[in-house]
Amino acid sequence: MWEVVYPTSRAVELGAEDDEEEKCMFQSNFTTPIVRLSHELQSDGKTVSCKLLVLAFERISTTFIEAHFLNNESQIVGLVSSGNMKEECTITNSLRQTASSDKTCFMHSADGSHEVLFCQSKIDVSPEACHNWANEVLSCIKADKILILSTLPASVCSLNCDGDSDRMFALKTESWKTKIDCKFLPSPNIVANLPAAALTYCQIFHIPAVMYVGVTATDSVVDSSVIEIFNGLLECEPLKDLPKRSETETAEFLKSMKIICPHLESNMYM
């Protein structure tokens, strides 16, 4: 079992209950994400079925997936938008970012069969919106199995290991029966936000799911040495039999990768 951090509840003044309720209803319109899927994937006009859904969260996990599984032939088959420009999204159902203020993550298919989908979530989602995000995405994509990749900086973890080394741990739902080749994340360490919301959804609805958590010595820079924390998964189920980039292609991608410190990126105007 895992520990999940929920948003702190707010105290409301008795005389302001109606105003606060109206405010919450207004805010909910903008925290419920919109899932848009390619028409060719939808079996009933609303949902997509696949054998494996890979949810990669944050910079290190998404870079690992892109380096080993996505190439120029990979298709964008869906996206999850933040909910801005909701009416336009509903009408056009286009697989594009509809506004500069819209936060979007994309879903990819590495081959034409669409049996394996990769959801690349590089965006920040507020803690109070994580439940809605997981519910909307996982109710639209019906996967036989789900693999979740996430990271934690070693500075926030309580582990009996060398602080200068990277390590990987696992969490899983009760329905996941495939062998796990690493230790479980020990208490009192916690996983929060989108990864926790996704794994909780899978546990509630009895979906076989496993989360691999990379505990990294640094979270400020992504380079080839940092994403290697997940390399052991390339020889394990469910990733070992998937089509991958060649070693040369992966090396070229990592060589061309632009390294940015997040604390510098956050101060840049795009």
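Every value quoted in this text rests on a predicted model; they were computed, and no experiment measured them.

**Student:** Help me get a handle on the overall build of the protein chain, residues and values and all.
**Tutor:** On a plain count of helices and strands, the protein chain comes out with eight helices and 10 strands. Per-residue burial for the protein chain yields a buried fraction of 44% across its 270 residues. For the protein chain, long-range pairs separated by at least 24 residues make up 78% of all intrachain contacts whose partners lie at least 6 apart in sequence. Accessible surface, the protein chain: about 15,000 Å² in total, of which carbon and sulfur atoms supply 51%.

**Student:** Lay out the nonpolar core with the relevant residues and their values.
**Tutor:** If you look at the biggest cluster of nonpolar residues, it comprises 45 residues, and the most contacted ones within it are Leu53, Leu55, Trp133, Leu138 and Ile146. Not counting the four nearest positions on each side in its chain, Leu55 is found in contact with Cys119, Leu138, Ile146, Leu147, Ile148, Leu149 and Ala198. Core analysis: the next-biggest nonpolar cluster, separate from the first, contains 29 residues, Ile60, Ile65, Phe69 and Leu149 among them.

**Student:** Outline the sheet that holds strand E2 (residues 34–37), supporting the account with residue identities and numerical values.
**Tutor:** Read from one edge to the other, the open sheet built from eight strands follows the order E2-E4-E5-E6-E3-E7-E10-E8, with strand pairing classed as mixed. Strands at the two margins of the open sheet, each flanked by one partner only, are E2 and strand E8 (167–172). Put simply, the sheet's adjacent strands are angled 20° from each other on average, direction ignored. Note that E8 and strand E10 (residues 209–216) share six bridges and pair antiparallel. Paired with Leu171 across the bridge in E10 is Met211.

**Student:** Residues and numbers for the pattern of salt bridges, please.
**Tutor:** Applying the stated criterion across every chain, the model contains three salt bridges. Note that Lys122 is salt-bridged to Glu66, the shortest N-O span being 3.7 Å. Remark: Glu66 occurs in helix H2 (residues 58–68) and Lys122 occurs in the loop between strand E6 (116–121) and helix H4 (130–140); sequence separation between them is 56 residues. Lys122 gets classed as exposed once you look at its relative accessible area, which sits at 55%.

**Student:** Pulling in residues and values, what's your account of the pairing of strand E3 (residues 48–57)?
**Tutor:** Burial of E3 is extensive: eight of the 10 residues sit out of reach of the surface. Two strands pair when backbone bridges link them, and E3 and strand E7 (residues 141–153) are joined in this way by eight bridges, in the parallel orientation. Across the sheet, residue Val54 finds its bridge partner in E7, namely Leu147.

**Student:** Please give an account of unusual backbone geometry that cites residues and values.
**Tutor:** For the bond running from Ser187 to Pro188, omega is 5°, close enough to zero to count as cis. Tracing the sequence through the fold places Pro188 in the loop between E8 and strand E9 (191–192). That bond from Glu237 to Pro238 is cis: its omega, 5°, falls within 30 degrees of zero. By the secondary structure assignment, Pro238 is in the loop between helix H6 (224–227) and helix H7 (247–256). In the Ramachandran plot, Glu58 falls in the positive-phi region, its phi being about 75° despite a non-glycine side chain. Mapped onto the fold, Glu58 is located in helix H2. Assessed through its relative accessible area of 31%, Glu58 is described here as partly exposed. Although it is not a glycine, His206 sits at a positive phi angle of roughly 60°.

**Student:** Kindly report on the environment of Leu171, identifying the contributing residues and their values.
**Tutor:** Tracing the backbone shows Leu171 in strand E8. According to the relative accessible area criterion, Leu171 is buried, its value standing at 6%. Counting along the chain gives 28 residues from Leu171 to Leu199, while the straight-line C-alpha distance between them is 8.5 Å.

**Student:** Tell me what's going on with the packing of aromatic side chains, and back it up with residues and numbers.
**Tutor:** In total, this model carries five aromatic pairs according to the counting rule given. On the numbers, 5.8 Å between centres and 65° between planes, the contact of Phe57 with Trp133 is edge-to-face. You can see Phe57 sitting in strand E3 and its partner Trp133 sitting in helix H4, a full 76 residues away along the chain. Trp133 shares its class with Phe57; the two are buried. When the ring of Phe64 is compared with that of Phe69, the centres are 6.4 Å apart and the planes differ by 70°; the resulting orientation is edge-to-face. Side by side, Phe64 and Phe69 carry an identical accessibility label, which is buried. Aromatic rings pair up to connect Phe64, Phe69, Phe118 and Phe230 into one cluster. Of note, Lys145 hangs over the ring of Trp176, and the distance from its end group to the ring centre comes to 5.3 Å.

Basis of the calculations
- Residues numbered from 1 in each chain as written.
- Predicted model: local features only at pLDDT ≥ 70, side-chain atom pairs only at ≥ 80, totals over all residues.
- Heavy atoms only, no water.
- Helix = DSSP H or I, 4+ residues; strand = E, 2+ residues; numbered from the N terminus.
- Buried < 20%, exposed > 50% of the residue type's maximum accessible area, 1.4 Å probe, protein only.
- Contact = heavy atoms within 4.5 Å.
- Areas by Shrake-Rupley, 256 points an atom, 1.4 Å probe, with all protein chains shown as cover.
- Core = buried A, V, L, I, M, F, W, Y, C linked by side-chain atoms within 4.5 Å.
- Pairing = 2+ DSSP bridges.
- Axes fitted to C-alpha atoms, helices over the stretch in contact; angles between N-to-C directions.
- Salt bridge = Lys/Arg side-chain N within 4 Å of Asp/Glu carboxyl O.
- Phe/Tyr/Trp six-rings, centres within 6.5 Å; stacked < 30°, edge-to-face > 60°.
- Lys NZ or Arg CZ within 6 Å of the ring centre and 35° of its normal.

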